[in-house]
Amino acid sequence: MKNLSDINVIKSVMGKHGVTFNKGLGQNFLVDPEVCPSMAEAAHLDENTCVIEIGPGVGVLTAELAKRAGKVLSFEVDKRLLPVLDETLAEFDNVEIINEDIMKADLKTIIEEKCAGMEIAVCANLPYYITSSIIMLLLESRLPIKAITVMVQKEAADRLCAEVGSRDGGAVTVAVSYYAESEKLFFVPRDSFLPPPKVNSEVIRLTVREAPAVSVFDEAKFFKLAKAAFSQRRKTAENSISSGLGIKKDVVAVALEKAGLERTVRAEKLTMEDFARLTEILL
Ligand code: SAM
């Protein structure tokens, strides 16, 4: 098998098929030989696991997933890479490349048809221009996914894996914590990629909860309130919620008091339970 993390192999196979890097699609391919085996190990795969990958590139992570999982469904939007992947993954009969945009694919039906009876995991080096959208799509669509092990931009990892109620927390932290437990696994420097991106990366794992972290009456309202609370980070939650949701300040003040919170509190100090209580009182 070819060494798909070797720069010369990548250049040669891409050149042979006339493929050049498409920056707009976040095409930075891994060239550190240790990263993909470590990611695939961290995804805890076995014969009964169907693993979903987003963006195989030339197949460097796909091959490591194929060695460990029963099946790999890999979504690649760039059809120029299909003949490349045909060549680089020829030895694996458990890999299916799906030439679709992950944001538009009917994941539920695809999983039902192709992964029946199997455990579902996600493992990918995500295209950074849509990292949060992909993660939220996977979590919100309530697919039977056990865990999501992905490489993301370092700053995104900080936000996604922050504690709710801490300085690094944001609306996306609240949304992720609602559905999953998050952890940072390891740092990956920018020079591990070809071409190197401007930023460093981190591999994170989101283990999907069996039940949401807090019980809320209306999820959409809960997320709307969290988004409003973080919309002006330097202001108090009272001001942000008031302007974000168009609710009078004194009404928000009464709600904060009812929830047992100070009027001067900032969104970054609120817990999941605080957001849930405020949603119920205000919306
Ligand atoms: N897995 C490879 C690696 O680690 O070297 C490539 C990762 S590269 C960061 C991201 C990949 O995602 C590219 O192959 C790109 O074409 C693909 N991609 C970008 N947007 C996509 C989308 N909306 N749906 C599916 N694949 C996408």
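Note that residues are indexed from 1 along each chain, following the sequence as it is written. Thresholds applied to this predicted model are a pLDDT of at least 70 for local features of residues and 80 or more for the giving and counting of side-chain atom pairs; totals over whole chains, interfaces and linings are not thresholded and use all residues. Just so you know, side-chain values use all the structure's heavy atoms and leave hydrogens and water out.

The next point concerns the overall build of the protein chain. A tally of regular secondary structure across the protein chain gives 12 helices and nine strands. Radius of gyration here uses only the C-alpha atoms, and the compact-globule reference equals 2.2 Å multiplied by the residue count raised to the power 0.38. In terms of C-alpha radius of gyration, the protein chain reaches 21 Å, essentially the compact-globule figure of 19 Å for 283 residues. Here the protein chain holds 283 residues, and the buried ones make up 50% of them. Residue contacts follow a heavy-atom distance rule, with two residues in contact if any of their heavy atoms lie within 4.5 Å. Within the protein chain, residue pairs in contact and separated by at least 24 positions form 67% of the contacts whose partners lie at least 6 positions apart. Put simply, the protein chain shows about 13,500 Å² of open surface, and 49% of that area lies on carbon and sulfur atoms. Distance from the positive charge centre (35 side chains) to the negative charge centre (41 side chains) of the protein chain: 8 Å. Comment: elements are numbered from the N terminus, with helices defined as DSSP H or I runs of at least four residues and strands as E runs of at least two. For each residue, the accessible area found with a 1.4 Å probe, counting protein chains only, is set against the maximum for its type, and the residue is called buried under 20%, exposed over 50%, and partly exposed in between. What sets the accessible areas is the Shrake-Rupley method with a 1.4 Å probe; for residues, cover comes only from the shown protein chains. Positive charges are assigned to Lys and Arg, negative charges to Asp and Glu, while His and the chain termini are left out of the count. Charge coordinates come from a single atom per side chain, which is NZ of Lys, CZ of Arg, CG of Asp or CD of Glu.

Take the state of the cysteines next. When two cysteine sulfur atoms are found within 2.5 Å, that pair is recorded as a disulfide. Under the defined criterion, the tally for this structure stands at one disulfide. Sulfur-sulfur distance for the disulfide between cysteine 50 and cysteine 115 comes to 2.2 Å. Of this pair, cysteine 50 sits in strand β2 (residues 49-54) while cysteine 115 sits in the loop between α5 (107-114) and β5 (119-125); the two residues are 65 residues apart in sequence, bridging distant segments of the chain. Under the relative-accessibility criterion, cysteine 50 is labelled buried at 0%. This cysteine, cysteine 161, is not joined by any disulfide, and cysteine 123 carries the nearest cysteine sulfur, 14 Å off. Assessed through its relative accessible area of 16%, cysteine 161 is described here as buried.

This brings us to the environment of methionine 39. With respect to the element layout, methionine 39 can be found in helix α2 (residues 35-42). As a C-alpha pair, methionine 39 and glutamate 219 span 180 residues in sequence and 32 Å in three-dimensional space. Ignoring any residue separated from it by four or fewer positions in sequence, one finds methionine 39 in contact with Leu61, Cys123, Ala124, Asn125, Thr149, Val150, Met151, Phe186 and Val203.

Let us look at the side chain of glutamate 202. Mapping glutamate 202 onto the fold places it in strand β9 (residues 201-208). Residues contacting glutamate 202, with those up to four places away along its chain left out, are Val150, Met151, Val152, Lys154, Ala157, Lys184, Phe186, Phe187 and Val188.

The environment of the ligand is made up of 24 residues, and the closest members are Leu30, Gly55, Glu76, Asn125 and Tyr129. Definition of a polar contact: a pair of N or O atoms within 3.5 Å, with one able to donate and the other able to accept a hydrogen when the atoms are protein atoms, and with sequence-neighbouring residues admitted only if both atoms are side-chain atoms. Between the ligand and leucine 30 there is a distance of 2.8 Å, counted from an oxygen atom to a backbone nitrogen or oxygen. When the free accessible area of the ligand is taken as 600 Å², the share hidden by the protein chains comes to 99%. In this analysis a 1.4 Å probe is tested at points of a 1 Å grid over the protein atoms alone, and where it fits but cannot get out there is a cavity; an open set with protein on both sides within 12 Å along at least five of seven lines is a pocket; lining residues have an atom within 4 Å of a point. Think of it this way: if more than half of a molecule's atoms are within 2 Å of a pocket's grid points, that molecule is in the pocket or cavity. The site holding the ligand turns out to be the largest pocket. We call a residue near a molecule or strand as soon as one heavy atom of that residue lies within 4 Å of the molecule or strand.

Any Lys or Arg side-chain nitrogen located within 4 Å of an Asp or Glu carboxyl oxygen qualifies as a salt bridge. Applying the stated criterion across every chain yields a total of 17 salt bridges. Its salt-bridge partner being glutamate 219, residue arginine 142 comes within 2.7 Å of it at the nearest N-O pair. With arginine 142 in the loop between α6 (131-140) and β6 (145-153) and glutamate 219 in helix α9 (residues 219-229), this pair connects stretches of sequence that are 77 residues apart. Its relative accessible area of 47% is what places arginine 142 among the partly exposed residues. A relative accessible area of 25% places glutamate 219 in the partly exposed class. Among the salt bridges present, the one from aspartate 158 reaches lysine 184, with a minimum N-O distance of 2.6 Å. With a gap of 26 residues between them, aspartate 158 in helix α7 (residues 154-160) and lysine 184 in strand β7 (residues 180-188) connect regions that are remote in the sequence. What emerges from the salt-bridge pattern is a single network uniting Glu41, Glu64, Lys67 and Arg68.

Worth remembering: the numbers are spatial, not functional.
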